Amino acid sequence: MLHEVSFKSFNQRDTVYGWVYVPAAKPKGIVQLIHGFGEHSRRYFHMIVKYLEAGYIVAADDHVGHGKTALENDTWGDWGEMGPHTMMEDEHRMKELVSQMYPDLPYFMYGHSMGSMIARDYIAKYGDELAGVTICGTPGVFPIADEVVAEMKQLIADGKGGESDPELTVKLLGWMCERCGDVKLGNEWICDDVYVQQDHAADPFDAFTKPTSNRALYDFVEMFLQINGTQWAEEVPVALPVYNIAGDQDPVGMYGEGVCQVSNWLASTGHDVKTKLYSGYRHEIHNYADIKDDVSEGIIAFMDQVIANSAK
């Protein structure tokens, strides 16, 4: 069964569109899937099907400025003017909506890339509402030049927050293909499968190749800066289990170093965190044909174990 849902965004401007996928069996839990920068939730359909087959309801939406939400509101790359917590608060609204539809089930969260940043922001405020969280392709200390941040601030101060300067994106993220060899599309850092790269680049619902507003890029950086270090980890409920996964050739996670930094922040503040790095793989470990089933099954095993532990 499939429900399409919609709700008013935290930005007080857009209508967010989402979907609730329900297995044809008695569900044992719910997992909310949070997609990354410039993409949309249907890029995770393989993973959604695996969750359904395992007995989990799947909730997923397209963020403001992304996917169907951007298409219906005509706001590609524009996240509104309510700041870096906008997407996190939208995910909380989605969680409330789904919990009302299907109450009393263990509720999990999975976030990839920017989605993992949103999930990390979420668990610092609403973590006690969840049974567990998986963060995938997450960053630790990320190389953000002070001059780029200053440039973003100046553009916004000059009234150009709603405009798009493509050079900002290049300055912020352009280095991520440094280990990818022959670069043709500019998205080779996501996966070394050329078919995944081509699908990503040609997807009409994918906002990655569309302009992102200067204000949205600044909010992206601000979101990142607010989920760093032990100060962030101390805000996360100690009882919340965390599964932290990535490829060790993922530049977003600084080739494994940043991923382990996040786990170490959590471990040093008393959290139960499990870390898994997939050797030889880039950013989208869930889109590699040879390991995507293993990735999904590992997340399912994590959620199943949390449920089993809570029943003891």
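Anything mentioned here points back to the structure above.
Residues numbered from 1 in each chain as written. Predicted model: local features only at pLDDT ≥ 70, side-chain atom pairs only at ≥ 80, totals over all residues. Heavy atoms only, no water.

A.B. asks: What's the story with the side chain of H200 in this structure? I'm lost.
C.D. replies: Position of H200 relative to the elements: it lies in helix α7 (residues 194–202). Judged by its relative accessible area of 4%, H200 falls in the buried class. Among the polar contacts listed, one links the side chain of H200 to the side chain of N187, at a separation of 2.9 Å. Setting aside anything within four residues of it in sequence, one finds H200 in contact with R43, N187, I190, D206, F208 and E284. (Helix = DSSP H or I, 4+ residues; strand = E, 2+ residues; numbered from the N terminus. Buried < 20%, exposed > 50% of the residue type's maximum accessible area, 1.4 Å probe, protein only. Polar contact = N/O pair within 3.5 Å; in protein donor to acceptor, adjacent residues only side chain to side chain. Contact = heavy atoms within 4.5 Å.)

A.B. asks: Would you take a moment to explain the packing of aromatic side chains for this structure?
C.D. replies: Each aromatic ring pair is described using two quantities: the centre-to-centre distance and the angle formed by the ring planes. Counted according to the given criterion, the structure contains nine aromatic pairs. A ring pair is formed by Y56 and F108, whose centres lie 6.2 Å apart and whose planes are at 85°; its orientation type is edge-to-face. Taken together, the positions of Y56 in strand β4 (residues 56–62) and F108 in strand β5 (residues 107–112) put the pair 52 residues apart, joining distant regions of the chain. Considered together, Y56 and F108 belong to a single accessibility category, that of buried residues. Here a set of aromatic residues connected by ring pairs shows up, and it is made of F37, W79 and F220. Taking the ring centre of Y278 as reference, the NZ or CZ of K276 above it sits at 4.9 Å. (Phe/Tyr/Trp six-rings, centres within 6.5 Å; stacked < 30°, edge-to-face > 60°. Lys NZ or Arg CZ within 6 Å of the ring centre and 35° of its normal.)

A.B. asks: Which parts of the structure should I look at to understand empty space enclosed by the protein?
C.D. replies: With a probe scaled to a water molecule rolled over the atoms, the places where space remains empty come into view. The full count for this structure, using the stated rule, is three cavities of 30 Å³ or more. In this structure, the largest cavity spans a volume of roughly 230 Å³. Around the largest cavity sit 22 residues that line it, and F37, S113, W189, V252 and H283 are the ones nearest its centre. Elements with a contribution of two residues or more to the lining of the largest cavity: α4 (114–126) and α8 (214–225). Here the residues of the lining of the largest cavity sort into 13 nonpolar, six polar and three charged. (1 Å grid on protein atoms, 1.4 Å probe; cavity = no way out; pocket = protein on both sides within 12 Å on 5 of 7 lines; lining within 4 Å. Points joined across faces, edges and corners; volume = space filled by probe spheres on them. Nonpolar A, V, L, I, M, F, W, Y, C, P; charged D, E, K, R; others polar.)

A.B. asks: Would you explain the environment of D61 in this entry?
C.D. replies: Assignment of secondary structure puts D61 in strand β4. For D61, a relative accessible area of 1% corresponds to the buried category. With 89 residues separating them along the chain, D61 and A150 place their C-alpha atoms 32 Å apart. Each residue touching D61, except ones within four places of it in the same chain, is listed here: F7, V16, Y17, G18, W19, L33, H35, S41, E91 and M94.

A.B. asks: When you look at the layout of surface pockets in this model, what are you seeing that I'm missing?
C.D. replies: Considering only enclosed or pocket space, the largest pocket measures out at about 440 Å³ in volume. As for the largest pocket, its lining consists of 22 residues, and the residues nearest its centre are P166, T169, V170, F208 and T209. Listed by contribution, the elements that provide at least two residues to the lining of the largest pocket are α6 (166–173) and α7. With four residues, α6 is the single largest residue contributor to the lining of the largest pocket. Grouping the amino acids of the lining of the largest pocket by side-chain chemistry returns 12 nonpolar, eight polar and two charged.

A.B. asks: What am I meant to see in unusual backbone geometry here?
C.D. replies: If a residue is not glycine, its phi is most likely negative; likewise, a peptide bond is most likely trans. One non-glycine residue, Q12, adopts positive backbone phi at about 60°. With a relative accessible area of 56%, Q12 lands in the exposed category. In this model, D74 sits at a positive phi of 55°, which is unusual for a non-glycine residue. Given the relative accessible area of 66%, D74 is considered exposed.

A.B. asks: Even after reading the chapter, I still don't get the packing of helix α3 (residues 86–101) against α4, so can you show me in this structure?
C.D. replies: Geometry of a packed helix pair, given as the angle between the helix axes and the separation of the axes. For the pair α3 and α4, the least separation of the axes is 9 Å and the interaxial angle reads 70°. One element, α3, and the other, α4, form an angle in the roughly perpendicular class. Contacts between α3 and α4 involve M87, M88, E89, E91, H92 and K95 from the former and M114, I118, D121, Y122, K125 and Y126 from the latter. The residue makeup of the contact of α3 with α4, split by class, is six nonpolar, one polar and five charged. (Axes fitted to C-alpha atoms, helices over the stretch in contact; angles between N-to-C directions. Parallel < 35°, antiparallel > 145°, perpendicular 65-115°, else oblique.)

A.B. asks: Got a minute to help me understand the sheet that holds strand β2 (residues 15–21) in this structure?
C.D. replies: Where strands meet in a sheet, backbone hydrogen bonds hold them as pairs that are either parallel or antiparallel. As summarised here, the arrangement of the eight strands in space is β1-β2-β4-β3-β5-β6-β7-β8, forming an open sheet in which the pairing is mixed. Strands at the two margins of the open sheet, each flanked by one partner only, are β1 (2–8) and β8 (273–278). Going across the sheet, the axis of each strand differs from the next one's by a mean of 20°, ignoring polarity. Relative to β4, β2 runs antiparallel, the two sharing five bridges. The residue of β4 that forms the bridge with Y17 is D62. (Pairing = 2+ DSSP bridges.)

A.B. asks: I would appreciate a short explanation of the pattern of salt bridges in the present structure.
C.D. replies: Side-chain pairs of opposite charge can arise where the charged atoms are in close proximity. Evaluation of the coordinates by the stated rule reveals 14 salt bridges. With a closest N to O distance of 3.0 Å, R13 and D78 form a salt bridge. Taken as a pair, R13 in the loop between β1 and β2 and D78 in the loop between α2 (67–73) and α3 lie far apart in primary sequence, 65 residues in all. Judged by relative accessible area, which is 34%, R13 ranks as partly exposed. (Salt bridge = Lys/Arg side-chain N within 4 Å of Asp/Glu carboxyl O.)

Function cannot be inferred from these measures alone, as they are strictly geometric.
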